[in-house]
Amino acid sequence: MEQTQPDVVGVIEKLYQLEQPRAAWLQGILETLGDVFDSPAGIAGIFYDISDGEHLNAVQFEVLAENPDLGAALVDLHQLDAVRRNVINAYRTTLASTAAEFVTNREAFRPICERQFRAGLRDTLLINGVSPLGVGCALNVFSNRPFQLSEAQRNLLNRVAVHLSTAYRLQQRLETRDRSTAIEAIFSSAGKLEHLDSPLEF
């Protein structure tokens, strides 16, 4: 699927609307991301934990798609032993990528690909916000046509992934401390650091 340069300003603004429950935060991001792409087959978000390097713990799924098979295939992707290593590696090393780029063991992925094909899915775009500790949030854009990312589009989506990683870490902090405590860093929608109370921890 050839894309014009996606207008991601609204997505980045949604990422930093942190003063809400995590599920509502993610749903708002997914709805805005869906508006950016041309008639996607669906959108999904996953909170995951790969911190021990061996296990893939998908903490929460949120799927916005008319076809339930897409959500079921995404669950399979995170549960099948045959593809676990590939998914862990993708989450550890990838910011923005198409499914064709991060699938290295095509035979192991065949059952999942066949299920997605029957559901009308032809490609998936991954936008991945991972922390150095291996805890992150991944956004998936499903499509009924292959994605074709230009270098400029990939660079832009890579920046969105970095914002996603930062916003998710801030969101986690808000859940574990008094909400009256100020956020340490504020970024503009263009990625500029506007305010810093103390050094950020990564």
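Remember, predicted model here, so these are calculated numbers, not experimental data.

Draft legend 1. Just the environment of Asn57, in detail. Along the chain, the position of Asn57 falls in strand β2 (residues 57-64). Classification of Asn57 as partly exposed rests on a relative accessible area of 41%. Sequence-wise, Asn57 and Val135 are 78 residues apart; in three dimensions their C-alpha atoms are separated by 9.5 Å. In contact with Asn57, not counting residues within four places along its chain, are Phe47, Tyr48 and Asp49.

Draft legend 2. Spatial organisation of the sheet that holds strand β5 (residues 135-143). Ordered by their spatial adjacency, five strands build an open sheet running β2-β1-β5-β4-β3, and the pairing between neighbours is antiparallel. Looking at strand neighbours, the two that pair on one side only are β2 and β3 (96-98), the edges of this open sheet. For this sheet, the mean angle separating the axes of adjacent strands, direction not counted, is 20°. Across eight bridges, strand β4 (residues 123-130) lies against β5 in antiparallel orientation. Looking at the pairing, Leu126 lines up with Asn140 of β5. This element, helix α2 (residues 22-36), spans β1 (42-49), β2, β4 and β5 of the sheet and lies at about 140° to β1. Packing against the sheet, helix α7 (residues 151-176) makes contact with β1, β3, β4 and β5, and its axis sits at approximately 45° to β4.

Draft legend 3. Summary view of helix α4 (residues 81-93). When the terminal C-alpha atoms of α4 are compared, their 19 Å separation across 13 residues agrees well with the 18 Å that a helix rising 1.5 Å per residue should span. Among all positions of α4, only Val83, Asn86, Val87, Ile88, Ala90 and Tyr91 are buried.

Draft legend 4. Highlighting the side chain of Gln171. Within the secondary structure, Gln171 is located in helix α7. Setting aside chain neighbours within four positions, we find Gln171 in contact with Leu18, Gln20, Pro21, Arg22 and Trp25.

Draft legend 5. Molecular detail of empty space enclosed by the protein. According to the stated counting rule, one finds two cavities of 30 Å³ or more in the structure shown. Roughly 70 Å³ of volume is contained in the largest cavity. In terms of lining residues, the largest cavity is bounded by Leu74, Leu77, His78, Val87, Ala90, Tyr91, Phe102, Leu126 and Asn140. Looking at the lining of the largest cavity, the elements that each hand over two or more residues are α3 (68-77) and α4. By residue number, the principal contributor to the lining of the largest cavity is α4, which donates three residues. Classifying every residue of the lining of the largest cavity by side-chain character gives seven nonpolar, two polar and no charged.

Draft legend 6. Geometry of the pairing of β4. With eight of eight residues buried, β4 is to be regarded as a mostly interior element. With burial as the criterion, each face of β4 is covered, one bearing Asp123, Leu125, Ile127 and Gly129 and the other bearing Thr124, Leu126, Asn128 and Val130. Looking at chain direction, β3 and β4 are connected through three bridges and run antiparallel. Note that in β4 the partner of Ser97 across the bridge is Leu126. The antiparallel pairing of β4 with β5 creates a hairpin that spans four residues between the two strands, and Gly134 there sits at a positive phi of about 90°.

Reading the values: rules and limits
Residues numbered from 1 in each chain as written. Predicted model: local features only at pLDDT ≥ 70, side-chain atom pairs only at ≥ 80, totals over all residues. Heavy atoms only, no water. Helix = DSSP H or I, 4+ residues; strand = E, 2+ residues; numbered from the N terminus. Buried < 20%, exposed > 50% of the residue type's maximum accessible area, 1.4 Å probe, protein only. Contact = heavy atoms within 4.5 Å. Pairing = 2+ DSSP bridges. Axes fitted to C-alpha atoms, helices over the stretch in contact; angles between N-to-C directions. Expected span 1.5 Å × (residues − 1). 1 Å grid on protein atoms, 1.4 Å probe; cavity = no way out; pocket = protein on both sides within 12 Å on 5 of 7 lines; lining within 4 Å. Points joined across faces, edges and corners; volume = space filled by probe spheres on them. Nonpolar A, V, L, I, M, F, W, Y, C, P; charged D, E, K, R; others polar.

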